[in-house]
Amino acid sequence: MKKVTVKEIAKMAEVSVTAVSFVLNNKPGVSESTRAKVQKIIDETGFKPNLNSKKLVLNKSFNICLIINSFSSPFEDLFYFEITRGILNRSQKYNYNITISKPTGAKDELPDMVYSGDTDGIIFMQDISRKLTDKAIASGIPFVVVDSHAAISGITSINADYRSATYEATKFLIKNGHKDIAMIASDTVPEFHTQTLAGFTEAMKDHRLALNPAYYGISASNEDTAYEAAKQLLSSKKRPTAVLCTVDSFAIGAMRCAKDLNLSIPEDVSFMGIDDILLSRYIEPKLTTVGIDKVEMGVLAMDMLLQKIKGKKTDSVLLPMELVIRDSVKNISR
């Protein structure tokens with residue numbers, strides 16, 4: 001099938017090549033009726049503009065660099081997989097390519113593509129060093145940070161309210177009659193640990209419940225270390241009636257441990273997580289958790305970065321979280 005050219009589109013619409021270019025690049029300068037007529041012909045012919053020509057005309061690379069660290073790899077963590085899915089879905093709307101990279105070298109250097117002009121913007125995933133943000137600012141490239149736990153003034157970020165999430169999760173367990181509540185957390189990212197611990201202790205104090213240091217000083221870094229943490233908790237003389245895990249994958253590891261110890265969930269011990277990763281609705285029993293719209297985080301990251309690329313001001317966003325009640329928590333007050 002013969003490929004249609006811009007000149008042929010212009011001839012069919014009885015307009016200039018410049019007018020077609022304005023429509024293709026979503027620029028002002030043509031009437032709405034002309035825009036609609038040209039767009040209809042583009043749609044009917046299935047015309048696709050040459051990307052290299054578009055790059056030259058608009059002085060853009062049509063690439064976005066997604067910079068991850070070892071804790072935010074979408075290939076290893078379902079939480080970041082879903083954020084990346086949101087970014088990829090939204091990038092199609094803007095006709096952008098996504099490249100995934102890591103900071104290079106021991107000095108936290110930005111990827112070479114930033115300095116060579118092969119990317120129009122950066123999405124940083126999770127917490128990053130101040131060195132990197134300073135280098136990004138100095139380079140003049142637009143960027144946003146998604147799921148950062150540290151407050152960095154003057155930087156656009158898309159975050160979840162982990163303190164509130166942990167508070168609501170703890171409150172839910174308390175409303176279901178639980179008083180002896182343990183928490184398996186992570187101190188790998190200090191700011192995240194501070195926020196989740198604050199939410200847990202605040203909820204316990206607000207409900208006048210004693211804090212048992214043996215129940216909330218336990219840290220994990222993945223599903224396996226959460227298993228070991230749960231083994232320590234569930235083998236103690238006074239076993240907690242509920243275990244709150246600040247990451248769903250921790251809850252999955254802890255529940256596996258409970259089953260290996262021949263404990264029934266939730267009859268013998270209840271479990272609760274935070275994240276609502278895809279796996280949480282398929283394990284047995286299904287995990288009660290606090291949901292974070294991770295795909296929406298990715299969508300917003302892409303939307304806000306494109307606004308910055310256009311030179312527009314953007315404000316940071318703190319996403320609300322929602323209780324997702326399933327089967328892993330028992331009401332023991334009945």
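What counts as what
Residues numbered from 1 in each chain as written. Predicted model: local features only at pLDDT ≥ 70, side-chain atom pairs only at ≥ 80, totals over all residues. Heavy atoms only, no water. Helix = DSSP H or I, 4+ residues; strand = E, 2+ residues; numbered from the N terminus. Expected span 1.5 Å × (residues − 1). Buried < 20%, exposed > 50% of the residue type's maximum accessible area, 1.4 Å probe, protein only. Contact = heavy atoms within 4.5 Å. Pairing = 2+ DSSP bridges. Axes fitted to C-alpha atoms, helices over the stretch in contact; angles between N-to-C directions. Phe/Tyr/Trp six-rings, centres within 6.5 Å; stacked < 30°, edge-to-face > 60°. Disulfide = S-S within 2.5 Å.

Asker: What should I look at first to understand helix α12 (residues 248-260) in this one?
Answerer: Structurally, the α-helix is built with 3.6 residues per turn, so residues lying three or four positions apart point the same way. With 13 residues, α12 extends 19 Å between its outermost C-alpha atoms, agreeing within 8% with the 18 Å of an ideal straight helix rising 1.5 Å per residue. Among all positions of α12, only Asp 248, Phe 250, Ala 251, Ile 252, Gly 253, Ala 254, Met 255, Cys 257 and Ala 258 are buried. Tucked inside the fold, the buried residues of α12 contact β6 (181-185), α11 (223-234), β8 (242-245), β9 (270-275) and β10 (288-291). Following α12 by one or two positions, Asn 262 has its phi on the positive side, about 65°.

Asker: What is the right way to look at the sheet that holds strand β2 (residues 97-101) in this model?
Answerer: Reading across from one edge, β2-β1-β3-β4-β5-β11 is the order of the six strands in this open sheet, with parallel pairing throughout. Every other strand in the sheet has two partners, leaving β2 and β11 (317-319) as the edge strands with one partner each. Sheet twist, expressed as the mean angle between neighbouring strand axes with direction ignored, is 20°. Summarising the sheet, strand β1 (residues 63-67) and β2 pair through five bridges and their orientation is parallel. What sits directly across from Ile 64, in β2, is Ile 98. In the packing of helix α13 (residues 294-309) onto the sheet, the strands contacted are β1, β2, β3 (121-125), β4 (143-146), β5 (157-160) and β11, and the crossing angle to β4 comes to about 165°.

Asker: Got a minute to help me understand the packing of aromatic side chains in this structure?
Answerer: Ring pairs (aromatic) are described by centroid distance and by the angle formed between their planes. Evaluation of the coordinates by the stated rule reveals five aromatic pairs. When the ring of Tyr 162 is compared with that of Phe 192, the centres are 5.0 Å apart and the planes differ by 85°; the resulting orientation is edge-to-face. Here the residue Tyr 162 occupies a position in helix α8 (residues 162-175), and Phe 192 occupies one in helix α9 (residues 190-206), the gap between them amounting to 30 residues. An angle of 50° between the planes, with centres 6.1 Å apart, marks the rings of Phe 200 and Tyr 216 as tilted. Of this pair, Phe 200 sits in helix α9 while Tyr 216 sits in helix α10 (residues 213-216), placing them 16 residues apart in sequence.

Asker: Honestly, the state of the cysteines in this entry has me stumped. Any pointers?
Answerer: Defined simply, a disulfide is a covalent bond joining two cysteines at their sulfur atoms. Evaluation of the coordinates by the stated rule reveals zero disulfides. Left unpaired, Cys 257 is separated from the closest cysteine sulfur, that of Cys 245, by 11 Å. A relative accessible area of 1% places Cys 257 in the buried class.

Keep in mind that these numbers describe shape and distance, not what the molecule does.
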